[in-house]
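# Fold and geometry: a report
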Amino acid sequence: MQAEPKKSQVASLVGAEYEVEVGAVAHGGHCIARTSEGQVLFVRHALPGERVVARVTEGEEGARYLRADAVEVLDASKDRIEAPCPYAGPGRCGGCDWQHAKPGAQRRLKGEVIAEQLRRLAGLTPEEAGWDGTVMPAEGDKLPAGEVPQWRTRVQYAVDAEGHAGLRRHRSHEVERIDHCMIAAAGVTELGIEKRDWTGMESIEAIAATGSQDRQVILTPRPGARLPIVELDKPVSVMRIGEKDGGVHRVHGRPFVRERADGRTHRVGSGGFWQVHPKAADTLVTAVMQGLLPRKGEMALDLYCGVGLFASALADRLGEKGAVLGIESGKRAVEDARHNLADFPRVRIEQGKVESVLPRTGITEVDLIVLDPPRAGAGRQTVTHLTSLGARRIAYVACDPAALARDLGYFRQGGYRVRTLRAFDLFPMTSHVECVAILEPAQRGL
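An account of the accompanying structure is given in this report.

Calculation rules
Residues numbered from 1 in each chain as written. Predicted model: local features only at pLDDT ≥ 70, side-chain atom pairs only at ≥ 80, totals over all residues. Heavy atoms only, no water. Helix = DSSP H or I, 4+ residues; strand = E, 2+ residues; numbered from the N terminus. Rg over C-alpha atoms; globule rule 2.2 N^0.38 Å. Buried < 20%, exposed > 50% of the residue type's maximum accessible area, 1.4 Å probe, protein only. Contact = heavy atoms within 4.5 Å. Arc of directions from axis to C-beta. Axes fitted to C-alpha atoms, helices over the stretch in contact; angles between N-to-C directions. Parallel < 35°, antiparallel > 145°, perpendicular 65-115°, else oblique. Left-handed = near helix turned anticlockwise from the far one by under 90°. Nonpolar A, V, L, I, M, F, W, Y, C, P; charged D, E, K, R; others polar. 1 Å grid on protein atoms, 1.4 Å probe; cavity = no way out; pocket = protein on both sides within 12 Å on 5 of 7 lines; lining within 4 Å. Points joined across faces, edges and corners; volume = space filled by probe spheres on them.

## Here we look at the overall build of the protein
- On a plain count of helices and strands, the protein comes out with 8 helices and 23 strands.
- The C-alpha atoms of the protein give 23 Å as radius of gyration, which agrees with the globular expectation for 446 residues (22 Å, within 12%).
- If one aligns the C-alpha atoms of the protein with their principal axes, the spans along those axes are about 65 × 60 × 50 Å.
- Sorting the 446 residues of the protein into buried and exposed places 52% on the buried side.
- Contacts in the protein between residues far apart in sequence, at least 24 positions, make up 63% of those at least 6 positions apart.

## With respect to helix 7 (residues 380–387)
- Every buried residue of helix 7 is listed here: Thr382, Val383, Leu386 and Thr387. Down the axis of helix 7, the buried side of the element spans an arc of 135°, and every buried residue falls inside it.
- Against strand 17 (299–303), helix 6 (354–360), strand 20 (368–371), helix 8 (401–413) and strand 22 (416–425) lie the buried residues of helix 7.

## Observations concerning the packing of helix 3 (residues 280–292) against helix 4 (residues 309–318)
- Put simply, helix 3 and helix 4 touch, their axes get as near as 10 Å, and they point 45° apart. The angle between helix 3 and helix 4 places the two elements in the oblique class. Where helix 3 crosses over helix 4, the handedness of that crossing is right-handed. Packed against helix 3, whose contacting residues are Ala281, Leu284, Val285, Val288, Met289 and Leu292, the element helix 4 presents Leu309, Phe310, Ala313, Leu314 and Arg317 at the interface.
- Taken together, the residues that form the contact of helix 3 with helix 4 break down as 10 nonpolar, no polar and 1 charged.

## Describing empty space enclosed by the protein
- Enumeration according to the criterion identifies 3 cavities of 30 Å³ or more in this entry.
- Approximately 80 Å³ is the volume found for the largest cavity.
- Sorting elements by how many residues they give to the lining of the largest cavity places helix 1 (residues 103–122) first, with 3 residues.
- Of the residues that constitute the lining of the largest cavity, the class distribution is 6 nonpolar, 1 polar and 4 charged.
- What the second largest cavity holds in volume is close to 40 Å³.
- Lining the second largest cavity we find Val25, Ala26, His27, Gly28, Gly29, Trp98, Leu109, Lys110, Val113 and Ser431.
- For the lining of the second largest cavity, the element with the highest residue contribution is helix 1, accounting for 3 residues.
- Within the lining of the second largest cavity, the residues separate by chemical class into 5 nonpolar, 4 polar and 1 charged.

Have a look at this one:
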């Protein structure tokens, strides 16, 4: 039997070019094609139905798949447009996936990805998931082709060896220098990050809060580098990432920003998680509350609760006799959540991982559950526990359709069905999409 070739003997295919017919969209911002030898290509900067020249960017002979960029379009889709951003395209900035597609086509592509993940990982058709197949734009984002919504209120800039701020290239540590980011919110752009010298810095995160004038930058210095005096075009608070502990430390100004959603102000400290699109928090709260229909006096769980966005919305609607338990692993987020919810005496926030804390609470029954897990999803263990609590409705907020579909499969095994699913395009120009699924016991409808 012939021995397997050593890794060093396998020929790299990087730079090889193939003329291919582009197939369906796939999860991750690319489309699927095949070489004449049958090898799978994940092609960026292409659209379904096109014929392109694809240049390999990663992969080798015999690999299960190759990654490639469409470097020449031979037969264009009717959904293709000239990318509005001068930094988009093969080998350039990796922040956006679909600059070359009309806005409506972007949403259709995201819908196709959701449908495929539901079918493959949950065994559900869109109809069985209570979904009409549409991905809804956020308020104000329905723009003509060639116009780009300025939605990104948090931008992570990388800094090159000469001190210029830019954005990472796709799957690379290389920095694409930019004059400005088209999808950045006005509050980020007005800081002028790209115009100054950041020598000694590794990265800068810029934050422009929604509903307040709070602006913040978080600096990550290179090892041994001194922190610069930060003079930007607008007042900002400045934080830094500690070289030894990796923690976020205040340099000057407030150590938090104030975000507005659902008629309340939320403190978000140390670069903590908050939805990036300015309309996202309100959009998601509305979808969750419309799906759950909270009743006065009910008991609810808010899992992976962050700074308390959904917990506060629940507490407000459940009234004085209602109760909410939030669980969050981040220490600073828990401090912020307790501050943000201090005026609700029947809200409690526990710190720790959901799978560890929830069993220790002794809770055996609840009315409502909200979970907004990280990109990896909640997982079988947590979902199995949740299905044992008998909630009349569960709201699952998901930023990854594959993780959502896997968990919906676990909920199905635990006796819950999807009542409705809604999808929102809260990350225009990228492949990301936000979903809200409402579940209820399969044997009991309202």
